[in-house]
Amino acid sequence: MNSTKPRLMSGMQPSADSLHLGNYIGALLSWKELQETHEAFYMLADLHAITVPQEPAALRENTRRTVAQYIAAGIEPSKSTLFVQSHVPAHAELAWVLNTITGFGEAGRMTQFKDKSAKQGSDSTSVGLFTYPILQAGDILLYNAVEVPVGEDQRQHIELTRDLATRFNSRFGDTFVVPEPYILKATAKIYDLQNPASKMSKSAESTAGIIWMLDEPSVTQKKIMRAVTDAEGGVVYDPATKAGVSNLLTIYSVLSGQSIASIEAEFAGRGYGDFKKALAEVVIGTLAPMRERALELLADPAELDRILNAAADRANEVAQATLDTVYDRIGLLRRVTYRLV
């Protein structure tokens, strides 16, 4: 790890047995590039995952499967610290400290909490979901990250993180780096193939519009061929009137490296069937090698555990140093250890 590089921190929840194409295009592609220019800490946010009910054995398995897919997608353990959140106790400890300087109204204004709690109802909404953004702030501040790669929907959470860092520094002395959001480019937003008004998401009501990274190639092809388009015809990028086709063009462009204009020209006068067949080849050509590599890694769980243990040691080293400073600054009496002589 090159400590002279600016540090960044980001993560995703291991809440499904496979990541999807939106995760790959929207996050992992950027993470892969950023690990070359930054000291990168990439987290499997299993503590965040349990803010909603999880089946214990499935959560453990999904965590391993997510690690394997990170690596298969190009996140290299030799270049990035790829760790499991619960392997670093300082995350939960710093979150409690930050809870004590966060206003109740301030936390209640988080848009994602309001949206999710409105859907679930107050009796089904956990306190953990309410304080989720504060744990997220702790995740970031522990590593003194300069930048945080996130989607636009996470901007409010990063602003809360910045506010809490500034507030703590003002009260207790300069302790935290105040991070900047690294908002992933808009073209990285991938929509559900059956509902192009909604982001491709693990929480979708149906999996018919989700391209999973671990899907069999034949399954991926069927989903693409059945993707929603429109009755007008014409492979044209126009998100306002042709949301389905525009989404497919975005996927094609990102994975092939071609501009959208050149793809439009290539398929001018041709039907959606030809376009979808070509897109399926591009998507399968991208995902199939990653799928194969991920399955190889999953066949050797001991090697995955070795990778995670080494990363946990590195993450704990950095996080504990930050937490020690925080505890000293707020006046907690530190435990004194004695050596027998």
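Residues numbered from 1 in each chain as written. Predicted model: local features only at pLDDT ≥ 70, side-chain atom pairs only at ≥ 80, totals over all residues. Heavy atoms only, no water.

Chemist: Give a description of the overall build of the protein chain that names residues and reports values.
Modeler: Within the protein chain, the secondary structure is distributed over 13 helices and 5 strands. The 341 residues of the protein chain split such that 48% are buried. In the protein chain, 75% of the contacts between residues at least 6 apart in sequence involve partners at least 24 apart. Element-wise, carbon and sulfur atoms account for 52% of the exposed surface of the protein chain, whose accessible area totals about 16,300 Å². Averaging the positions of the 34 positive and the 40 negative side-chain charges in the protein chain gives two centres separated by 2 Å. (Helix = DSSP H or I, 4+ residues; strand = E, 2+ residues; numbered from the N terminus. Buried < 20%, exposed > 50% of the residue type's maximum accessible area, 1.4 Å probe, protein only. Contact = heavy atoms within 4.5 Å. Areas by Shrake-Rupley, 256 points an atom, 1.4 Å probe, with all protein chains shown as cover. Lys, Arg positive; Asp, Glu negative; His and termini not counted. Charge placed at Lys NZ, Arg CZ, Asp CG, Glu CD.)

Chemist: Would you mind going over the nonpolar core in detail, with residue names and values included?
Modeler: One finds Leu21, Tyr24, Leu28, Tyr70 and Ile251 to be the most contacted residues of the largest nonpolar core, which totals 57 residues. Ranked by the residues each element gives to this core, the list is headed by helix α12 (residues 272-298), at 12 residues. Val88, Phe113, Ile140 and Leu323 belong to the second largest nonpolar core, which has 38 residues in total. (Core = buried A, V, L, I, M, F, W, Y, C linked by side-chain atoms within 4.5 Å.)

Chemist: Report on the packing of helix α7 (residues 127-141) against helix α8 (residues 155-172), specifying residues and quantitative values.
Modeler: Where α7 meets α8, the axes come as close as 9 Å, and the angle between the chain directions of the two elements is 65°. With respect to α8, the element α7 is oriented roughly perpendicular. Handedness of the crossing formed by α7 with α8: right-handed. Facing α7, whose interface residues are Tyr132, Pro133, Ile134, Gln136, Ala137, Ile140 and Leu141, α8 presents His157, Ile158, Leu160, Thr161, Leu164 and Ala165. A per-class count over the contact of α7 with α8 returns 10 nonpolar, 3 polar and no charged. (Axes fitted to C-alpha atoms, helices over the stretch in contact; angles between N-to-C directions. Parallel < 35°, antiparallel > 145°, perpendicular 65-115°, else oblique. Left-handed = near helix turned anticlockwise from the far one by under 90°. Nonpolar A, V, L, I, M, F, W, Y, C, P; charged D, E, K, R; others polar.)

Chemist: Kindly report on the UniProt feature "binding site: L-tryptophan" (unreviewed entry) in the protein chain, identifying the contributing residues and their values.
Modeler: The feature "binding site: L-tryptophan" (unreviewed entry), as annotated in UniProt, sits at Asp139 in this numbering. For aspartate 139, the position within the fold is in helix α7. Here aspartate 139 is in contact with Met9, Met43, His48, Gln85 and His91, once residues within four sequence places are set aside. Within the local environment of aspartate 139, its side chain forms a polar contact with the side chain of histidine 91, the two groups lying 2.7 Å apart. (UniProt positions renumbered as here; feature names shortened; annotations may be inferred. Polar contact = N/O pair within 3.5 Å; in protein donor to acceptor, adjacent residues only side chain to side chain.)

Chemist: Hey, could you go over the pairing of strand β2 (residues 39-44) for me, with residue numbers and the actual values?
Modeler: Extensive coverage of β2 is indicated by the burial of 6 of its 6 residues. Because side chains alternate across β2, one face comprises the buried residues Glu39, Phe41 and Met43, and the other comprises Ala40, Tyr42 and Leu44, equally buried. Two elements, strand β1 (residues 7-12) and β2, share 6 bridges in a ladder whose sense is parallel. Each bridged residue has a counterpart across the sheet, and for methionine 12 the counterpart in β2 is leucine 44. Between the parallel pair β1 and β2, the chain is carried across by helix α1 (residues 21-37), and the sense of this crossover is right-handed. (Pairing = 2+ DSSP bridges. Right-handed = clockwise from strand over helix to strand, strands pointing away.)

Chemist: Any details on the packing of helix α9 (residues 217-225) against α12? Residues and values, ideally.
Modeler: Two elements in contact, α9 and α12, have axes separated by 9 Å at closest approach and are oriented at 145°. In the packing of α9 onto α12, the handedness of the crossing is right-handed. Contact with α9, carried on its side by Pro217, Thr220, Gln221, Ile224 and Met225, involves Gly273, Lys276, Lys277, Leu279, Ala280, Val283 and Ile284 of α12 and no other residues of that element.

Chemist: Outline the packing of aromatic side chains, supporting the account with residue identities and numerical values.
Modeler: Any aromatic ring pair is given by two values, namely how distant the centres are and how the planes are angled relative to each other. Applying the stated criterion across every chain, the model contains 10 aromatic pairs. Taking the centre distance of 5.0 Å and the plane angle of 55° together, the rings of phenylalanine 168 and phenylalanine 176 count as tilted. Of the two residues, phenylalanine 168 and phenylalanine 176, both sit in the buried class. Plain terms: the ring middles of phenylalanine 267 and phenylalanine 275 are 5.3 Å apart, the flat faces sit at 70° to each other, and that makes the pair edge-to-face. Of the two residues, phenylalanine 267 and phenylalanine 275, neither departs from the other in class, the shared state being buried. Counting every residue linked through ring pairs, the aromatic cluster contains Trp31, Tyr42 and Tyr70. (Phe/Tyr/Trp six-rings, centres within 6.5 Å; stacked < 30°, edge-to-face > 60°.)

Chemist: An account of unusual backbone geometry is requested, with residue identities and associated values reported.
Modeler: Phi at asparagine 144 is positive, roughly 50°, even though this residue is not glycine. The residue asparagine 144 is located in the loop between α7 and β4 (147-150) in this model. A relative accessible area of 25% places asparagine 144 in the partly exposed class.

Chemist: Requested: an account of the side chain of aspartate 46, with residues and values cited.
Modeler: Structurally, aspartate 46 is set in helix α2 (residues 46-49). Of the buried charged residues, aspartate 46 lacks a salt bridge, with arginine 60 as the closest side chain of opposite charge at 9.3 Å. There is a polar contact of 2.5 Å between the side chain of aspartate 46 and the side chain of serine 86. Here aspartate 46 is in contact with Pro14, Thr63, Val84, Gln85 and Ser86, once residues within four sequence places are set aside. (Salt bridge = Lys/Arg side-chain N within 4 Å of Asp/Glu carboxyl O.)

Chemist: Give me helix α4 (residues 90-99): which residues, what numbers.
Modeler: Owing to its 3.6 residues per turn, the α-helix brings residues three or four apart onto one side. Within α4, burial applies to Ala90, His91, Leu94, Ala95, Val97 and Leu98. Across the axial projection of α4, the buried residues extend over an arc of 160°, all falling on one side. (Arc of directions from axis to C-beta.)

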